[in-house]
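Reading the structure
Each chain, letter by letter, is given below.
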Amino acid sequence: MDGSIVECSPYSDPELFFSIPWSYGTIGFLTCVEIDIIPGRRFVKLDYIPMYSLEQMMETLERELERPDHHDFVECIMFSRDQSVLMTGDMVETAHPDKLNEIGLWHKPWFFKHVQTFFDTGPQTEHVPLQQYYHRHSRSLFWELQQFIPFGNNVVFRYLFGWLMPPKVSLLKLTQGKSLKSLYESKHIIQATLINDRS
């Protein structure tokens, strides 16, 4: 960039516009932003769909993303090449008591571990409080805390010490031995994919 001020939108300069959110400041500085605000609701109705092949996952994900009556949230967690769980969520004002799952409580399983159980139960629907949904990966630092505290998702640990989660990452790194740190830095890969809905 040459330091010029650029005003962009999805229509006037779409390539730049859609590159900014995931650029982490490498493209430039945002000095003014106009955003559309939608009303939040109390709960997110989450549908979990376990899938057992890469082809099934791609086909289902594309179908859900292209729906004209699109969902408020679409997320997919891959556990292996052929095992994944697709989650579609819609904000709702009320929750059925039997379907309510307060996933943010300290004694609840880490979210990705909870999602993994749907391979055993099959497709399910539950309601999650909106704020807890937004922080669904906070307690487990997505799936990273498992590397630092392998026993952290144990039911006894969660019940006694779950309120301490998530600990500060800087503290966790201080407790790493030299060999573990070297292994973590040379062999550990994190991959996340974000898809912008340009419609």
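This structure is a prediction, so every number in the text was calculated from the model and none was measured. (Residues numbered from 1 in each chain as written. Predicted model: local features only at pLDDT ≥ 70, side-chain atom pairs only at ≥ 80, totals over all residues. Heavy atoms only, no water.)

**A short note on the packing of aromatic side chains**
- Scanning all chains against the criterion turns up twelve aromatic pairs.
- Between Phe73 and Tyr133, the aromatic rings sit 4.7 Å apart at their centres with planes inclined by 50 degrees, giving tilted as the arrangement. In this pair, Phe73 is assigned in strand S2 (residues 73–78) and Tyr133 in helix H5 (residues 130–134), connecting sequence segments 60 residues apart.
- Assessed through its relative accessible area of 15%, Phe73 is described here as buried.
- Between Phe73 and Tyr134 the ring centres are 5.8 Å apart and the planes differ by 80 degrees, which places this aromatic pair in the edge-to-face class. With Phe73 in strand S2 and Tyr134 in helix H5, this pair connects stretches of sequence that are 61 residues apart. (Phe/Tyr/Trp six-rings, centres within 6.5 Å; stacked < 30°, edge-to-face > 60°. Helix = DSSP H or I, 4+ residues; strand = E, 2+ residues; numbered from the N terminus. Buried < 20%, exposed > 50% of the residue type's maximum accessible area, 1.4 Å probe, protein only.)

**Quick notes on the nonpolar core**
- Counting residues in each nonpolar core, the largest one holds 22 residues, and the members touching the most others are Val44, Leu46, Tyr48, Met87 and Val115.
- Here Val44 is in contact with Phe73, Gly89, Asp90, Met91, Glu126, His127, Val128, Leu130 and Tyr133, once residues within four sequence places are set aside. (Core = buried A, V, L, I, M, F, W, Y, C linked by side-chain atoms within 4.5 Å. Contact = heavy atoms within 4.5 Å.)

**Considering the pattern of salt bridges**
- Scanning the model with the defined rule gives five salt bridges in all.
- Its salt-bridge partner being Lys45, residue Asp47 comes within 3.3 Å of it at the nearest N-O pair.
- Overall, the relative accessible area of 29% leaves Lys45 in the partly exposed class.
- Notably, a salt bridge pairs Asp82 with Arg81, separated by 3.1 Å at the nearest N-O pair. (Salt bridge = Lys/Arg side-chain N within 4 Å of Asp/Glu carboxyl O.)

**Concerning unusual backbone geometry**
- Following Met165, the chain continues into Pro166 via a peptide bond in cis, with omega recorded as -5 degrees.
- Mapped onto the fold, Pro166 is located in the loop between helix H7 (155–161) and helix H8 (169–174).
- Phi is positive for Leu141, close to 45 degrees, though the residue is something other than glycine.
- The residue Leu141 is located in the loop between H5 and helix H6 (145–148) in this model.
- Its identity is not glycine, yet Phe142 carries a phi of approximately 60 degrees, on the positive side.
- Here Phe142 falls in the partly exposed class, since its relative accessible area comes to 47%.

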